[in-house]
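A structural walkthrough
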Amino acid sequence: MGHQHLPGRLRIRLRETRLAVHIVRHGTPEAVKFNVFSRISAGGPSRGRRSGTP
């Protein structure tokens with residue numbers, strides 16, 4: 001089953017949405033995991049550029 005059953009606007013939105021994937025491997029130090037998830041929670045570095053804020 002694909003996405004053909006969805007309304008056209010939603011299909012376009014799904015097709016044009018960027019998806020970021022962060023892979024945290026087993027054995028990654030806790031400090032690194034904390035740093036990665038803190039950045040994700042804060043919206044990441046690109047969030048400010050898209051919204052026009054520094």
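Residues numbered from 1 in each chain as written. Predicted model: local features only at pLDDT ≥ 70, side-chain atom pairs only at ≥ 80, totals over all residues. Heavy atoms only, no water.

A word on helix H2 (residues 30-42)
- Given a rise of 1.5 Å per residue, 13 residues ought to cover 18 Å, and the 18 Å separating the end C-alpha atoms of H2 matches this to within 8%.
- Gly 43 sits one or two positions beyond H2 and adopts a positive phi of about 100°. (Helix = DSSP H or I, 4+ residues; strand = E, 2+ residues; numbered from the N terminus. Expected span 1.5 Å × (residues − 1).)

Concerning the pattern of salt bridges
- Inspection of the entire model under this criterion finds one salt bridge.
- The residue Lys 33 makes a salt bridge to Glu 30 at a minimum N-O spacing of 3.0 Å. With Lys 33 and Glu 30 both in helix H2 and three residues apart, the pair spans about one turn of that helix.
- Classification of Lys 33 as partly exposed rests on a relative accessible area of 25%.
- Given a relative accessible area of 57%, Glu 30 falls into the exposed group. (Salt bridge = Lys/Arg side-chain N within 4 Å of Asp/Glu carboxyl O. Buried < 20%, exposed > 50% of the residue type's maximum accessible area, 1.4 Å probe, protein only.)

Description of the confidence of the model for the protein
- Averaged over the protein, the pLDDT score is 80; the fraction of residues at 70 or greater is 78%.
- Per-element confidence in the protein is highest for helix H1 (residues 8-16), whose mean pLDDT is 91, and lowest for helix H3 (residues 44-51), whose mean pLDDT is 49.
- In this model residues 47-54 is a low-confidence stretch, pLDDT under 50, and it forms two contacts with partners more than four residues away in sequence or in other chains. (pLDDT = per-residue confidence, 0-100. Contact = heavy atoms within 4.5 Å.)

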